[in-house]
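# Structural description and commentary
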Amino acid sequence: GESVGLHLPTLSVQEGDNSIINCAYSNSASDYFIWYKQESGKGPQFIIDIRSNMDKRQGQRVTVLLNKTVKHLSLQIAATQPGDSAVYFCAETTDYKLSFGAGTTVTVRA
Amino acid sequence: DARVTQTPRHKVTEMGQEVTMRCQPILGHNTVFWYRQTMMQGLELLAYFRNRAPLDDSGMPKDRFSAEMPDATLATLKIQPSEPRDSAVYFCASGTDTGELFFGEGSRLTVL
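If you're wondering where the values come from, they're calculated on a predicted model, not measured in any experiment. (Residues numbered from 1 in each chain as written. Chains lettered and ligands numbered in written order. Predicted model: local features only at pLDDT ≥ 70, side-chain atom pairs only at ≥ 80, totals over all residues. Heavy atoms only, no water.)

### So, unusual backbone geometry
Trans is the common state for peptide bonds, and a negative phi is the common state for residues other than glycine. With omega at -10 degrees, the peptide bond leading from Thr7(B) into Pro8(B) counts as cis. Within the fold, Pro8(B) resides in the loop between β1 (5-7) and β2 (10-13). Going from Gln80(B) to Pro81(B), the amide bond is cis rather than trans, its omega being -5 degrees. Even without being a glycine, Lys71(A) presents a positive backbone phi close to 55 degrees. In this fold, Lys71(A) is placed in the loop between β6 (62-67) and β7 (72-77). Owing to a relative accessible area of 28%, Lys71(A) belongs among the partly exposed residues under this scheme. For Asn51(B), which is not a glycine, the phi torsion comes out positive at approximately 50 degrees. (Helix = DSSP H or I, 4+ residues; strand = E, 2+ residues; numbered from the N terminus. Buried < 20%, exposed > 50% of the residue type's maximum accessible area, 1.4 Å probe, protein only.)

Structure, rendered in structure tokens:
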């Protein structure tokens, strides 16, 4: 499944499929980007980050891609699991200030 | 296991009352942020500190909100007087200059 972040704030994905969550950021001077996951009733939790001198970074089951030319960030989740159901936020940092996007709600179907 | 601690977790108060939310950042972290989360506005940055100095509080209504760091182990966010539109979840987060932010569990405020 795939979302376009701010324009499609929900994503429904079949368990086991790959998920792609997209995010457009606004400030070309931003030099550090983070994806956060927020489960109901909890604070945002760090997933993965990437600095502006990179275009790809991989973690465990997650990959972040950064395209500075079009100011676009994406989060790919491999083999999506029920525990991945949450709201996902992209965030950009400029001068220590972390600003969040609107968030995408991911629902995993069994 | 180091974590950001926020109190209270839940607060219900009446319009006009003073509300103080507290945050204990992770030991050794030098940046502290206050965010407000609502369904309509998402996560809004209210204020942030670096090495206890306020860097930016432009997101905060100055007439009623104030944020301080009396020492490195305590950050406070005060609302006086509170209004129903202040109802939200308030998050504190701490971090370092080069790393990720760690969030607390939030303080859910309801102003009647």
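### Things to note about the side chain of Thr80(A)
Residue and element names in this part refer to chain A. For threonine 80, the position within the fold is in the loop between β7 and β8 (86-94). Side-chain polar atoms of threonine 80 contact the side chain of serine 19, separated by 2.7 Å. When neighbours within four sequence positions are excluded, threonine 80 is seen to be in contact with Val13, Glu15, Gly16, Asp17, Asn18, Ser19, Arg61 and Val108. (Polar contact = N/O pair within 3.5 Å; in protein donor to acceptor, adjacent residues only side chain to side chain. Contact = heavy atoms within 4.5 Å.)

### Regarding the pairing of strand β1 (residues 10-14) of chain A
Put simply, side chains in a regular strand alternate between the two faces of the sheet. Residue and element names in this part refer to chain A. With burial as the criterion, only one face of β1 is covered, namely that bearing Leu11 and Val13; the residues Thr10, Ser12 and Gln14 on the opposite face remain uncovered. Alignment of β1 against strand β10 (residues 104-109), held across five bridges, turns out to be parallel. Its bridge partner lying in β10, threonine 10 is registered against threonine 105. (Pairing = 2+ DSSP bridges.)

### So, the pairing of β8(A)
Residue and element names in this part refer to chain A. With respect to burial, β8 is a largely interior element, eight of its nine residues being buried. As judged from the seven bridges shared by strand β3 (residues 32-38) and β8, these two strands associate in the antiparallel manner. By the bridge assignment, lysine 37 is partnered in β8 with tyrosine 88. Strand direction decides the pairing type here: β8 and β10, joined by three bridges, are antiparallel.

### Side note on the environment of Tyr25(A)
All names here are of chain A. The residue tyrosine 25 is located in the loop between β2 (19-24) and β3 in this model. Linking tyrosine 25 and glycine 101, residues 76 residues apart in sequence, is a C-alpha distance of 7.6 Å. Beyond its immediate sequence surroundings of up to four residues, tyrosine 25 is in contact with Phe33, Leu66, Asn67, Lys68, Lys71, His72 and Glu92.

### A closer look at the nonpolar core
If you look at the biggest cluster of nonpolar residues, it comprises 22 residues, and the most contacted ones within it are Met21(B), Trp34(B), Met60(B), Ala67(B), Leu77(B), Ile79(B) and Tyr90(B). Counting only elements with at least two residues in this core, the list comes to β3 (19-24), β4 (31-38), β5 (42-50), β7 (65-71), β8 (74-79), β9 (88-95) and β11 (107-111) of chain B. Leu11(A), Val13(A), Leu75(A) and Tyr88(A) belong to the second largest nonpolar core, which has 20 residues in total. (Core = buried A, V, L, I, M, F, W, Y, C linked by side-chain atoms within 4.5 Å.)

### A closer look at the interface of chain B and chain A
Facing 20 residues of chain B, the contacting portion of chain A comprises 17 residues. A buried area of about 1,500 Å², summed over both sides, lies between chain B and chain A, and 56% of it is on carbon and sulfur atoms. Three residues, Leu43(B), Glu100(B) and Phe103(B), lead the burial of chain B against chain A; their summed loss comes to 31% of the area buried on that side. Applying the counting rule to chain B against chain A returns one salt bridge. With a closest N to O distance of 3.2 Å, Lys97(A) and Asp56(B) form a salt bridge. Joining chain B to chain A, the criterion identifies four residue pairs in polar contact (both at pLDDT 80 or more). Put simply, the parts of the chain that give the side of chain B that touches chain A at least two residues each are β4, β5, β6 (53-56) and β10 (101-103) of chain B. No other element matches the four residues that β5(B) contributes to the side of chain B that touches chain A. Counted by class, the side of chain B that touches chain A contains nine nonpolar, five polar and six charged residues. (Buried area = accessible area lost by both parts, 1.4 Å probe. Salt bridge = Lys/Arg side-chain N within 4 Å of Asp/Glu carboxyl O. Nonpolar A, V, L, I, M, F, W, Y, C, P; charged D, E, K, R; others polar.)

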